[in-house]
Structure formats: C-alpha cells, structure tokens
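# Geometric and topological summary
Take a look at the letters that make up each chain.
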Amino acid sequence: MSDAQLFEKSEALNSEDLLRAIFEQMPSVPACLTCSFQAEDMIVLSLLRQRLPNVPVLFLETGYHFADTYRFRDQVTRDWKLNLVNVVQQTTVQQQEATFGILHQIDPAKCCQLRKVEPLMESLEPFDLWFTGLRREQSPTRRNLKKIERHRLPSGKTLLKISLLADWSWAQVWEFTGKHQLAYLPQYDRGYLSIGCEPCTAIPTSGADARSGRWGGKKLECGMHTFSEKTDG
Ligand code: SF4
C-alpha cells in the first residue's frame, strides 16, 4: 500500500486497526508520542506501548504544570516503565521571568513559543512518526484534523503526524478510560476538561468547548500543533 492509500484508508479504520496498518507498512520507523498525560494521551499510550514498549514519550516540561500533573506523570512512568523524555527549554522559569516578566500573563504566545514550540521542534527531529492524542471535537482549530497528516518541520524534515483518536468523542474517551481502568489526572474530577500549564488552564463553562478554559479563552492552541507545515502527503 502506498502512503497515499494508507492516508485515505486511515479515515475508515478504528484506532487499533489503524495502528496495525501503520506498523505493517512501516515496521521499524522511529516513532514518538507527545504526551501531557491527559486522558487521550493515556489511551494512545496504552495502545502504542503494546507494540512499542519503549516508545519515547515526549513531555513538554514547561515548568508551569500543576503539581498533580507532575505527580501523575511520575507515577505512570514508574508503573508503566515508560521511556519518558522531559522536553525542556534551557532557560529556566526563573530566568525567563527575570528577563521578560510573567509572559503567560502579558504575552502567552511568546511563552508557549519559548517553553513548548522551540524545544519540541528539536525533539521531533529524530522521528518519522509523531503520535498525538488530538481529537477533532476538542476545538474549532482541530475540526479538519486527519488521522494521518504529513508535516514539515522548520528544518525541512518531514514526518507523519498520527492522531489515532481524531474522530473520537469525549464520551468515547471516558468510556475507554473506564472500561480499561486507565489512570487519569485528578483534575478531571474537579471539572477540568483540557489540562495544560496551571496558569493557563481553567474549568470551562458549561457547554463550552473543552479547550475554552485554556488561556482564558484568548487563544485555543499553544503552537505545538500549528508550527509545522501540513503538506499534501
Ligand atoms: S501554556 Fe501558559 S505557562 Fe505554559 S508555556 Fe504556554 S503561556 Fe506559558
């Protein structure tokens, strides 16, 4: 099957069949997962580690996560013996705040660029498959997400970005989590639906998009899913 055929077929496959098709076609291609340990990431991780137990799990360590998120990350890493890769910006939070002030209040785009996007660009370079837990339903900016997309990094390197749960609803995510008894971040029990850095995450109002609680509703994306250029395949 050509890449183009796989791209087309992927939209009709469920997550497990898509994963099987990808690894049948590309059995030894270097792969990674970007993971903030949200419920979607835990599902993708649970599926992926059955085939790639040592898959690099890239966690964007911005220095601004909830204490609960750090505890959860460390617990899951121990329990599942993960190959966790903390993706860090060399400038510490203290250095950044001393130089620029509290960027997440005055210029969140720059803060995300420095603490997420730039470190991620470099971290993705060794890989040809980039798995994510993105879903179309999460926000208007993700409505046209395909299960497999080819992306070009700023360096010119291209890789396949794979979103196994692109067509899943939140109800499916929660049902899978319960059925398979996957651990989940404790913030969900407090009403959070999309969980990132603590200063930029709030509980969404009833009926709003899950990501409307991020950045006080001023933006919907940090840039890590928009910096790479989607190409035609
Ligand atoms: S989500 Fe907020 S704190 Fe985290 S990197 Fe972006 S602006 Fe900074």
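Just above, that's the structure.
What comes next concerns the included structure. (Residues numbered from 1 in each chain as written. Predicted model: local features only at pLDDT ≥ 70, side-chain atom pairs only at ≥ 80, totals over all residues. Heavy atoms only, no water.)

## Remarks on the environment of Val55
Its location among the elements puts Val55 in the loop between α3 (39-51) and β2 (56-61). Accessibility expressed as a relative area gives 3% for Val55, which makes it buried. Taking the C-alpha atoms as reference points, Val55 and Gln105, separated by 50 residues in sequence, lie 35 Å from one another. Apart from the residues within four sequence positions on either side, Val55 is in contact with Ala31, Cys32, Leu33, Leu45, Leu48 and Asn83. (Helix = DSSP H or I, 4+ residues; strand = E, 2+ residues; numbered from the N terminus. Buried < 20%, exposed > 50% of the residue type's maximum accessible area, 1.4 Å probe, protein only. Contact = heavy atoms within 4.5 Å.)

## Some details on the packing of aromatic side chains
Taken as a whole and judged by the stated rule, the model has 11 aromatic pairs. On the numbers, 5.5 Å between centres and 55 degrees between planes, the contact of Trp174 with Tyr188 is tilted. Here Tyr188 lies in the loop between α8 (170-179) and β7 (229-231) and Trp174 lies in helix α8, a separation of 14 residues in the sequence. Given the relative accessible area of 32%, Trp174 is considered partly exposed. Classification of Tyr188 as buried rests on a relative accessible area of 8%. When the ring of Tyr184 is compared with that of Tyr188, the centres are 6.4 Å apart and the planes differ by 65 degrees; the resulting orientation is edge-to-face. Among the residues examined, Tyr184 registers a relative accessible area of 30% and is labelled partly exposed. Counting every residue linked through ring pairs, the aromatic cluster contains Phe37, Phe59, Tyr70 and Phe72. Sitting over the ring of Trp130, Lys161 keeps its end group 4.3 Å from the ring centre. (Phe/Tyr/Trp six-rings, centres within 6.5 Å; stacked < 30°, edge-to-face > 60°. Lys NZ or Arg CZ within 6 Å of the ring centre and 35° of its normal.)

## Brief notes about the sheet that holds strand β5 (residues 148-152)
Taken in spatial order, the 7 strands line up as β3-β2-β1-β4-β6-β5-β7 in an open sheet, and their pairing is mixed. Each having just a single partner strand, β3 (83-88) and β7 make up the two edges of the open sheet. Each strand of the sheet is rotated relative to its neighbour by a mean of 35 degrees, with strand direction disregarded. As paired elements, strand β4 (residues 129-132) and strand β6 (residues 158-163) share 4 bridges and run parallel to each other. The residue bridging Leu129 from the neighbouring strand is Leu160, located in β6. The strands that α3 touches are β1 (31-34), β2 and β4; relative to β1, the one it contacts most, it runs at about 160 degrees. (Pairing = 2+ DSSP bridges. Axes fitted to C-alpha atoms, helices over the stretch in contact; angles between N-to-C directions.)

## Remarks on the nonpolar core
Phe37, Leu129, Phe131 and Leu164 are the most contacted members of the largest nonpolar core, which totals 44 residues. Ranked by the residues each element gives to this core, the list is headed by α3, at 7 residues. Excluding residues within four positions of it along the chain, Leu164 makes contact with Ser15, Leu18, Leu19, Val44, Leu47, Phe131 and Thr132. With 11 residues, the next largest nonpolar core counts Cys32, Leu60, Leu153 and Met224 among its residues. (Core = buried A, V, L, I, M, F, W, Y, C linked by side-chain atoms within 4.5 Å.)

## Some remarks on the layout of surface pockets
One number sums up the size of the largest pocket: a volume of about 230 Å³. Partitioned by chemical class, the residues of the lining of the largest pocket number 2 nonpolar, 6 polar and 5 charged. (1 Å grid on protein atoms, 1.4 Å probe; cavity = no way out; pocket = protein on both sides within 12 Å on 5 of 7 lines; lining within 4 Å. Points joined across faces, edges and corners; volume = space filled by probe spheres on them. Nonpolar A, V, L, I, M, F, W, Y, C, P; charged D, E, K, R; others polar.)

## What about the environment of Lys9?
With respect to the element layout, Lys9 can be found in helix α1 (residues 3-10). Spatially, the C-alpha atom of Lys9 lies 9.5 Å from that of Ala21, the residues being 12 residues apart in sequence.

What is shown is where atoms sit, not what they do.
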